[in-house]
Amino acid sequence: MRILVTGGAGFLGSHLIDRLMTEGNEVLCLDNFYTGHKRNILKWIGNPYFELIRHDITEPIRLEADQIYHLACPASPVHYQFNPVKTIKTNVMGTLNMLGLAKRVKARFLLASTSEVYGDPDVHPQPEEYRGNVNCIGLRSCYDEGKRVAETLAFDYHRQNNVDIRVMRIFNTYGPRMLKNDGRVVSNFIIQALEGEPLTVYGDGSQTRSFCYASDLIKGMILLMNGDHVGPINIGNPGEYTILELAQTIQKMINPNAEVSFKPLPDDDPKQRQPDISRAQNLLGWEPTISLEEGLKLTIADFRERYQAQT
Ligand code: NAD
Ligand code: UDP
């Protein structure tokens, strides 16, 4: 099968490509390298079944593919808020272009949506039926509302043009290859602890998140793409932790003497987040298998290797 992965040089995209290539597919990786890096897909460059295309999805492109995994979009608040207008363009114009492509070549299209469509949720845990509590004029809205429109576009192309879609709502995912300057909480805490810097907890650290290890997530993504259910389907790890608990866990694992410093809580930071994964369990037979401690151990080892290689 020929498979297009947009955002393929990014954190999740490159893990997905590893799986798709190993399974014997032909893969087209499309990326503008905003937060992605050639290093992530270096091992496939030169392989005749792999093609790397530098392209910005806000511009149309003509390609042939049987399936499209649409991941291109910065995922860390630091990066998606750096140029919010560009984030909206990527989510709206970019998704429109990729859905247009799927329609033209009759490819199955999977949208990497997000738990951010639920905003700062007042239903807990979040099932797919929950319609969310999003501030449409806040700092996060370029991403949250962008992804909500991306979902709308996917469903409208499905209803109007029979595009075969799959919609996946990804909850916080972490793992090897996250960038040192990614800005998300797991990578920040690991780098800070390794460098002997204080771990920066925003607010009082009582806000919660549920952290899924990358390989678990990728398994769910591939099952959704190749199954019969359109979605939306939540994919995430239901284990819920406060951010302070996460800081303390990483502190214990890397450097028990590392300090914790409290910084202001960013605007509209969701207070709690935990996926209801009943649909994924019942419809895909999927659930995560890697515990937070196990996943952190593997992620820390990867950061140590890259960090120590640099110094
Ligand atoms: P990432 O930032 O590592 O990857 C995004 C990739 O998209 C990068 O390689 C980047 O260069 C590329 N990209 C961005 N804008 C582009 C554009 N206009 N044209 C072409 N390429 C572009 O992030 P990630 O964590 O791998 O996330 C991948 C997808 O999963 C994103 O769509 C994100 O919204 C979604 N997601 C991720 C998480 C998570 O916790 N990792 C949670 C929810 C949703
Ligand atoms: N966070 C933190 N310290 C950091 C980075 C993030 O306390 O150095 C908090 C952030 O305020 C949020 C949570 O950790 O409450 C998860 O942040 P992240 O950016 O990883 O993802 P998101 O907020 O999009 O879920």
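The structure this text deals with has already been given above.
The sections below set out a description of the structure shown in this document.

1. As for the overall build of the protein
Right, so step 1: On a plain count of helices and strands, the protein comes out with nine helices and 13 strands.
Right, so step 2: Dimensions of the protein, computed from C-alpha atoms along their principal axes, come out at roughly 55 × 45 × 40 Å.
Right, so step 3: Counting every position in the protein, which comprises 311 residues, the buried fraction comes to 55%.
Right, so step 4: Contacts in the protein between residues far apart in sequence, at least 24 positions, make up 81% of those at least 6 positions apart.
Right, so step 5: Within the structure as shown, the protein displays about 13700 Å² of accessible surface, and the carbon and sulfur contribution to it stands at 50%.
Right, so step 6: Within the protein, one finds 33 positive and 37 negative side-chain charges whose respective centroids are separated by 5 Å.

2. Here we look at helix α3 (residues 84-105)
Right, so step 1: A rise of 1.5 Å per residue sets the reference length of α3, with its 22 residues, at 32 Å; its end C-alpha atoms lie 31 Å apart and thus fit the reference within 8%.
Right, so step 2: A maximum bend of about 30° is found in α3 at Thr-90.
Right, so step 3: Inspection of α3 places Thr-87, Thr-90, Asn-91, Gly-94, Thr-95, Asn-97, Met-98, Leu-99, Leu-101, Ala-102 and Val-105 among the buried residues, and these make up the whole buried set.
Right, so step 4: In this fold, the buried residues of α3 make contact with β1 (2-6), β4 (67-70), α2 (77-80), β5 (108-114), α4 (141-161) and β6 (165-170).

3. Remarks on the packing of helix α5 (residues 185-194) against helix α7 (residues 243-254)
Right, so step 1: It is the contact of α5 with α7, at a shortest axis distance of 10 Å, that shows an interaxial angle of 35°. Pair α5 / α7 crosses with right-handed handedness. Across from Val-185, Val-186, Phe-189, Ile-190, Ala-193 and Leu-194 in α5, the residues of α7 making contact are Ile-243, Leu-246, Ala-247, Ile-250 and Ile-254.
Right, so step 2: Across the contact of α5 with α7, the residue classes break down as 11 nonpolar, no polar and no charged.

Conventions adopted
- Residue numbering note: each chain is counted from 1, following its sequence as written.
- By the order in which they are written, chains take letters starting at A while ligands take numbers starting at 1.
- Local features in this predicted model are restricted to residues whose pLDDT is 70 or higher, and side-chain atom pairs enter the listing and the counts only when it is 80 or higher, whereas totals over whole chains, interfaces and linings include all residues.
- In computing side-chain values, all of the structure's heavy atoms are included and hydrogens and water are not.
- A run of H or I in DSSP counts as a helix once it spans at least four residues, and a run of E counts as a strand once it spans at least two, with each numbered from the N terminus.
- Residue exposure (1.4 Å probe, protein chains only): buried if accessible area is under 20% of the type maximum, exposed if over 50%, otherwise partly exposed.
- Contacts are assigned to residue pairs that have any heavy atoms within 4.5 Å of one another.
- Note on areas: these come from Shrake-Rupley sampling with a 1.4 Å probe, and a residue is covered only by the protein chains present in the view.
- All tallies of charge rest on Lys and Arg as positive and Asp and Glu as negative; His and the ends of each chain are not included.
- Think of each charge as sitting on NZ of Lys, CZ of Arg, CG of Asp or CD of Glu.
- The length a helix should cover is 1.5 Å for every residue beyond the first.
- Bending is quantified residue by residue as the angle between axes fitted to the seven-residue window ending at that residue and the seven-residue window starting at it.
- Whenever a helix is involved, its axis is fitted only over the stretch in contact; in every case the axis is a line through C-alpha atoms, and angles between N-to-C directions fall within 0 to 180 degrees.
- Crossings are classed by handedness, with left-handed meaning an anticlockwise turn of the near helix from the far one by less than a right angle and right-handed meaning a clockwise turn.
- Classification convention: Asp, Glu, Lys, Arg as charged; Ala, Val, Leu, Ile, Met, Phe, Trp, Tyr, Cys, Pro as nonpolar; all other residues, Gly among them, as polar.

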